[in-house]
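Results of the structural survey
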Amino acid sequence: MVKDLTVGKPEKVLWRFCIPLFASVIFQQLYNIADSLIAGKFISENALAAVGNSYEVTLIFLAFGVGCNMGCSVVVSQMFGAKRYKDMKCAVSTTVIGTLALCAVLMLLGFLGCDWLLDIINTPIETLADSKTYLNIYIWGVPFLFFYNIATGIFSALGDSKTPFVFLACSSIANIFLDIIFVTQFNMGVAGLAWATFLCQGISCVLAMGVVLKRLKEVPTEGKIPMFSKSIFKHITTIAVPSILQQSSMSISTIIIQGVINGFGPSVMAGYAVSVKLNNMVITAFTTLGNGISNYTAQNLGANKLGRIKRGFWAGSKLVLCISLPLFLLYFFAGEPLIMLFLKDPTPEAVSTAIQILKTFSPFYLIVCVKMVADGILRGSGMMGQFMFDTIFDGVIRVMLAIYLPTTVLGVNGIWWAWPIGWVLATILAVSFYHFGAWKNTPISKGDDD
């Protein structure tokens with residue numbers, strides 16, 4: 001199903017388009033949550049710590065995958081909104097060729113450098129072997145990660161948020177069953193968790209790419225479509241590279257902070273591993289909703305409907321606030337039962353660490369969600385310098401505070417306050433940048449619903 005996001009009431013359009021995206025990201029996060037839950041419940045606390053430790057490194061690969069998603073998605077959205085269908089198809093094939101080359105480079109660097117990276121972030125000896133095992137298997141699945149992200153980006157660019165939801169739901173449920181089988185029946189340990197993720201991501205990637213190529217084939221075009229275009233590639237990279245740099249900077253900051261956390265031992269690592277998975281589910285959900293708003297913005301920018309972009313900011317803000325409120329209440333008041341799902345015979349330190357993190361983070365979801373809406377509009381409109389600055393600023397502030405605050409009377413709890421402070425400051429920046437957009441002096445009118 002292809003949907004034009006340039007017509008209809010913005011609030012209704014965004015709700016219908018973004019809610020399946022939100023549901024999709026919940027299932028996507030089940031991949032990592034399932035790994036941590038089963039590691040903690042059926043293997044050991046050290047295995048849980050190892051999976052959490054490895055996850056921080058995998059964020060580097062995810063940063064590149066999301067960058068490719070955004071570069072392709074925004075450009076395809078703009079071309080779809082402008083009805084430049086031939087260029088749109090060329091953009092897809094150009095992205096595929098560029099991604100193949102990028103995957104080869106990243107996989108080589110991953111195999112050569114992951115062990116070294118685990119060493120420099122002070123991975124405890126109790127978790128080192130499992131961390132290396134998980135990462136070495138994960139790297140083989142990097143192409144699946146990349147091309148699945150490209151497929152979901154194209155679906156979103158065409159206004160279809162339901163198809164990727166179906167793929168993710170089926171894949172995530174299958175991943176949970178395989179996790180349990182590989183760990184409890186075949187006694188494969190952490191390796192079983194990694195192989196389950198590899199298999200499920202691979203199958204969903206192949207199916208998603210097959211459907212998206214079929215969908216594109218149905219869009220009518222005339223003449224031969226070039227496989228690669230230097231000008232379109234440059235256009236894609238102007239969106240993708242800042243996105244990759246932004247995502248990578250956040251991943252690097254997270255890895256540095258993981259090194260600080262590792263110095264407090266496996267119990268604190270385990271508590272952090274649980275809470276950060278729950279937190280990442282929320283933040284990734286907000287980011288995905290922001291990606292949907294990027295597609296909405298890009299389509300309307302291509303159609304030169306700036307008033308709809310302005311209305312989209314307010315509609316998107318209402319959407320994310322409605323979603324963030326129940327998540328805040330859930331994590332703040334019912335965090336302990338959620339945490340205990342992940343832990344078998346946990347140490348008191350692991351439980352108290354996880355609870356403290358959720359109680360520190362969750363009230364600020366009501367603020368950071370607005371940043372994600374503003375970021376979505378910045379990306380969709382091509383304001384990549386501003387988008388990259390506000391996010392990198394967040395990462396730098398977070399690292400500085402995470403290193404400094406534990407040396408104060410706050411102790412290890414000082415690390416957790418680095419997130420909310422960074423979020424608040426970055427939200428102020430992002431919203432300020434949004435107000436300088438091309439739509440600044442565009443009046444909002446009923447005609448924006450056309």
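The model shown is predicted, which means the values in this text are computed figures rather than measured ones.

Digging into the overall build of the protein
Of the regular secondary structure elements, the protein holds 14 helices and 0 strands. Of the regular secondary structure in the protein, the N- to C-terminal order runs α-α-α-α-α-α-α-α-α-α-α-α-α-α. The globule rule puts the C-alpha radius of gyration for 450 residues at 22 Å, and the 21 Å found for the protein is close to it. In terms of overall dimensions, the protein has C-alpha extents of about 60 × 45 × 30 Å along its principal axes. Among the 450 residues that make up the protein, the fraction classed as buried is 60%. Put simply, 86% of the contacts in the protein that link residues at least 6 apart link residues at least 24 apart. Taken as two groups, the 30 positive and 23 negative side-chain charges of the protein have centres that lie 13 Å from each other.

Some thoughts on the pattern of salt bridges
Within the structure shown, the criterion is met by 7 salt bridges. A salt bridge links aspartate 375 to lysine 371, with the nearest nitrogen and oxygen atoms 2.5 Å apart. Here aspartate 375 and its partner lysine 371 are both found in helix H12 (residues 365-380), 4 residues apart, which amounts to about one turn of the helix. Among the residues examined, aspartate 375 registers a relative accessible area of 3% and is labelled buried. Take lysine 371: its relative accessible area is 3%, and that puts it in the buried class. The closest approach of N and O atoms between lysine 371 and aspartate 390, which form a salt bridge, is 3.1 Å. Taken together, the positions of lysine 371 in helix H12 and aspartate 390 in helix H13 (residues 384-404) put the pair 19 residues apart, joining distant regions of the chain. Like aspartate 390, lysine 371 is buried.

As for the confidence of the model for the protein
Note that predicted coordinates carrying low pLDDT should not be read in detail. The predicted model of the protein averages 85 in pLDDT, with 96% of residues at 70 or higher. Per-element confidence in the protein ranges from a low mean pLDDT of 76 for helix H1 (residues 10-43) to a high of 94 for helix H14 (residues 413-434).

Focus: empty space enclosed by the protein
Overall, the coordinates contain 3 cavities of 30 Å³ or more when judged by the stated rule. Empty space within the second largest cavity amounts to approximately 50 Å³. Lining the second largest cavity, in full, are Tyr138, Gly141, Val142, Ala194, Thr197, Phe198 and Gln201. Broken down by element, the lining of the second largest cavity gets its largest block of residues, 4 residues, from helix H7 (residues 189-217). Across the lining of the second largest cavity, the residue classes tally to 4 nonpolar, 3 polar and no charged.

Some words on the nonpolar core
Judged by nonpolar contacts, the single largest core of 127 residues is most densely connected at Phe286, Tyr365, Trp416 and Trp419. At 17 residues, the largest contribution of residues to this core is made by helix H9 (residues 266-302). In contact with tyrosine 365, not counting residues within four places along its chain, are Asn279, Val282, Ile283, Phe286, Ser324, Phe328, Tyr331 and Trp423. Residues Ala47, Val51, Tyr134 and Val183 belong to the second largest nonpolar core, which totals 11 residues.

A word on H9
Over its 37 residues, H9 runs 51 Å from end to end, which matches the ideal 54 Å to within 8%, given 1.5 Å per residue. With 33 of 37 residues buried, H9 lies mostly within the body of the structure. One or two residues past the end of H9 sits asparagine 304, with phi positive at roughly 60 degrees.

Brief notes about helix H8 (residues 230-262)
Counted at 1.5 Å a residue, the expected span for H8 with its 33 residues is 48 Å, and the 45 Å between its end C-alpha atoms agrees. In H8, a bend of some 30 degrees at threonine 237 exceeds every other bend along the element.

Focus: the packing of helix H2 (residues 45-81) against helix H4 (residues 125-140)
Look at H2 against H4: their axes get within 8 Å of each other, and the N-to-C directions meet at 40 degrees. The orientation of H2 relative to H4 falls into the category oblique. Two packed elements cross with a definite hand, and for H2 against H4 that hand is right-handed. Judged by residue contacts, Asn46, Ala47, Ala49, Ala50, Val51, Asn53, Ser54, Val57, Thr58 and Phe61 of H2 engage Glu126, Thr127, Asp130, Ser131, Tyr134, Leu135, Tyr138 and Ile139 from H4. The residue inventory of the contact of H2 with H4, partitioned by class, reads 10 nonpolar, 6 polar and 2 charged.

Topic: the side chain of aspartate 394
Here aspartate 394 lies in helix H13. Sequence-distant contacts of aspartate 394, defined by excluding residues within four places in its chain, comprise Met250, Gly422, Trp423 and Ala426.

Reading the values: the criteria
- Residues numbered from 1 in each chain as written.
- Predicted model: local features only at pLDDT ≥ 70, side-chain atom pairs only at ≥ 80, totals over all residues.
- Heavy atoms only, no water.
- Helix = DSSP H or I, 4+ residues; strand = E, 2+ residues; numbered from the N terminus.
- Rg over C-alpha atoms; globule rule 2.2 N^0.38 Å.
- Buried < 20%, exposed > 50% of the residue type's maximum accessible area, 1.4 Å probe, protein only.
- Contact = heavy atoms within 4.5 Å.
- Lys, Arg positive; Asp, Glu negative; His and termini not counted.
- Charge placed at Lys NZ, Arg CZ, Asp CG, Glu CD.
- Salt bridge = Lys/Arg side-chain N within 4 Å of Asp/Glu carboxyl O.
- pLDDT = per-residue confidence, 0-100.
- 1 Å grid on protein atoms, 1.4 Å probe; cavity = no way out; pocket = protein on both sides within 12 Å on 5 of 7 lines; lining within 4 Å.
- Points joined across faces, edges and corners; volume = space filled by probe spheres on them.
- Nonpolar A, V, L, I, M, F, W, Y, C, P; charged D, E, K, R; others polar.
- Core = buried A, V, L, I, M, F, W, Y, C linked by side-chain atoms within 4.5 Å.
- Expected span 1.5 Å × (residues − 1).
- Bend = angle between axes of the 7 residues up to and from the residue.
- Axes fitted to C-alpha atoms, helices over the stretch in contact; angles between N-to-C directions.
- Parallel < 35°, antiparallel > 145°, perpendicular 65-115°, else oblique.
- Left-handed = near helix turned anticlockwise from the far one by under 90°.

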